[in-house]
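Chains, contacts and geometry: an overview
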Amino acid sequence: KYHPGYFGKVGMRHFHLTKNKYYCPVINIDALWSLESQQKREAWEAKFKSGETKRAPVIDAVKHGYYKVLGKGNLPKFPVIIKAKLFSKLAERKIKSVGGACVLVS
C-alpha cells in the first residue's frame, strides 16, 4: 500500500535560507596570471630574469571577483603576492614555495 520511506521527515530544514552567506567564487593558481594583462606578465618575467627588480607583483583576487584561491596548477618561478579572503593549504604551500606571500583581506 505505502512504499518504504513514505512516512516521516527526511532531510534538513534551514529556515530563511539566504545564499549570500555561502557566496565564495574560487580560482585556481594556474588561472591567477590570466587576471593580469599579457604585457604586464611578460614585463614582470623579463624584470625578474634580468635581475632588474626584487619587488614582487601583487595580484588582488578579490578585486577581480574571486574570494578563494585553490591549488591546482603551477605558478611561474618568481615570487608573487596574492590577496584573497581564503586560501587552500595546497595553494598556500605552492605560493610560498616560489617565494611569494598570501595576504588575507576581509
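Residues numbered from 1 in each chain as written. Predicted model: local features only at pLDDT ≥ 70, side-chain atom pairs only at ≥ 80, totals over all residues. Heavy atoms only, no water.

What about the overall build of the protein?
When helices and strands are counted, the protein shows 2 helices and 6 strands. Computed over its C-alpha atoms, the radius of gyration of the protein comes to 21 Å, more than 25% above the 13 Å expected for a compact globule of 106 residues. Counting every position in the protein, which comprises 106 residues, the buried fraction comes to 25%. In the protein, of all internal contacts separated by at least 6 residues, the share reaching a separation of at least 24 is 40%. Distance between charge centroids for the protein: 15 Å, based on 21 positive and 7 negative side chains. (Helix = DSSP H or I, 4+ residues; strand = E, 2+ residues; numbered from the N terminus. Rg over C-alpha atoms; globule rule 2.2 N^0.38 Å. Buried < 20%, exposed > 50% of the residue type's maximum accessible area, 1.4 Å probe, protein only. Contact = heavy atoms within 4.5 Å. Lys, Arg positive; Asp, Glu negative; His and termini not counted. Charge placed at Lys NZ, Arg CZ, Asp CG, Glu CD.)

Describing the packing of aromatic side chains
Counted by the stated rule, this structure contains 7 aromatic pairs. Seen from their ring centres, Y2 and F7 are 5.0 Å apart, and the 65° between their planes marks the pair as edge-to-face. Centroid distance Y23 to Y67: 5.7 Å. Interplanar angle 90°. Geometry classified as edge-to-face. Pair noted here: Y23 is in the segment before β1 (26-28) and Y67 is in the loop between β2 (58-60) and β3 (68-70), with a separation of 44 residues, a long-range link. Judged by its relative accessible area of 22%, Y67 is partly exposed. Among the aromatic side chains, those forming a connected cluster through ring pairs are W33, W44, F48 and F78. (Phe/Tyr/Trp six-rings, centres within 6.5 Å; stacked < 30°, edge-to-face > 60°.)

Things to note about the pattern of salt bridges
Applying the stated criterion across every chain yields a total of 2 salt bridges. A salt bridge links K40 to E36; the shortest N-O distance between them is 3.4 Å. Residue K40 is classed as partly exposed on the basis of its relative accessible area, which comes to 44%. Relative accessible area serves as the criterion here: at 14%, E36 is assigned to the buried category. Notably, a salt bridge pairs K96 with E92, separated by 3.2 Å at the nearest N-O pair. Residue K96 and its partner E92 are both found in helix α2 (residues 89-97); the two are separated by 4 residues, about one turn of the helix. Residue class for E92 comes out partly exposed when judged on its relative accessible area of 30%. (Salt bridge = Lys/Arg side-chain N within 4 Å of Asp/Glu carboxyl O.)

Regarding the nonpolar core
By size, the foremost hydrophobic cluster in this structure holds 19 residues, and its most contacted members are I29, L32, V69, L75 and I82. Among the secondary structure elements, those contributing two or more residues to this core are α1 (38-50), β4 (81-84) and α2. In this structure L32 touches I27, I59, V69 and I82, once residues within four positions along its chain are discounted. (Core = buried A, V, L, I, M, F, W, Y, C linked by side-chain atoms within 4.5 Å.)

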